[in-house]
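Residue-level listing of the chains:
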Amino acid sequence: MATLSKRSTIYLDPALHQALRLKSVETSRSMSDLINEIVKEALAEDAEDLSAFDERANEPLISYEEMVKRLKKDGRI
């Protein structure tokens, strides 16, 4: 069974629209297809970030100063 699509109007920066049009032609995919894929990827990334926050919720907090000390000790700054 085919998925029903919802229609939306979006406003894109002209340069972004041009780039999307070119990508559409280059990949033989519709602009809607490309936008749907990009939005799904962004939402999946958000879900991963939220999951990581949940996993770290019980970790002890450290101060900014302590973090700077650790970074200096490890030679990162």
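We now turn to the structure provided with this report. Here the structure is a predicted model, which is why all the values come from computation and not from measurement.

**Section: helix 1 (residues 14–27)**
Over its 14 residues, helix 1 runs 20 Å from end to end, which matches the ideal 20 Å to within 8%, given 1.5 Å per residue. By the N-cap criterion, in which a side-chain oxygen at the helix start approaches the backbone nitrogen of a residue two or three places on, helix 1 is capped by Asp13, the distance to Ala15 being 3.0 Å. Looking one or two residues past helix 1, Ser28 carries a phi angle of roughly 55°, positive in sign.

**Comments concerning the pattern of salt bridges**
Where side chains of opposite charge bring their charged atoms close, a pairing between them can arise. Under the counting rule described, the total for this entry stands at 4 salt bridges. The salt bridge partner of Arg56 is Glu59, with a shortest N-O separation of 3.1 Å. Its relative accessible area of 53% is what places Arg56 among the exposed residues. Within the structure, one salt-bridge network assembled from shared partners comprises Arg29, Asp33 and Glu37.

**With respect to the layout of surface pockets**
A volume near 330 Å³ is recorded for the largest pocket. Lining the largest pocket we find Ser5, Lys6, Arg7, Ser8, Ile10, Met31, Ser32, Ile35, Asn36 and Val39. Of the residues that constitute the lining of the largest pocket, the class distribution is 4 nonpolar, 4 polar and 2 charged.

Reading guide: rules and limits
Residues numbered from 1 in each chain as written. Predicted model: local features only at pLDDT ≥ 70, side-chain atom pairs only at ≥ 80, totals over all residues. Heavy atoms only, no water. Helix = DSSP H or I, 4+ residues; strand = E, 2+ residues; numbered from the N terminus. Expected span 1.5 Å × (residues − 1). Polar contact = N/O pair within 3.5 Å; in protein donor to acceptor, adjacent residues only side chain to side chain. Salt bridge = Lys/Arg side-chain N within 4 Å of Asp/Glu carboxyl O. Buried < 20%, exposed > 50% of the residue type's maximum accessible area, 1.4 Å probe, protein only. 1 Å grid on protein atoms, 1.4 Å probe; cavity = no way out; pocket = protein on both sides within 12 Å on 5 of 7 lines; lining within 4 Å. Points joined across faces, edges and corners; volume = space filled by probe spheres on them. Nonpolar A, V, L, I, M, F, W, Y, C, P; charged D, E, K, R; others polar.

Note that all results are geometric; they support no functional claim without further evidence.
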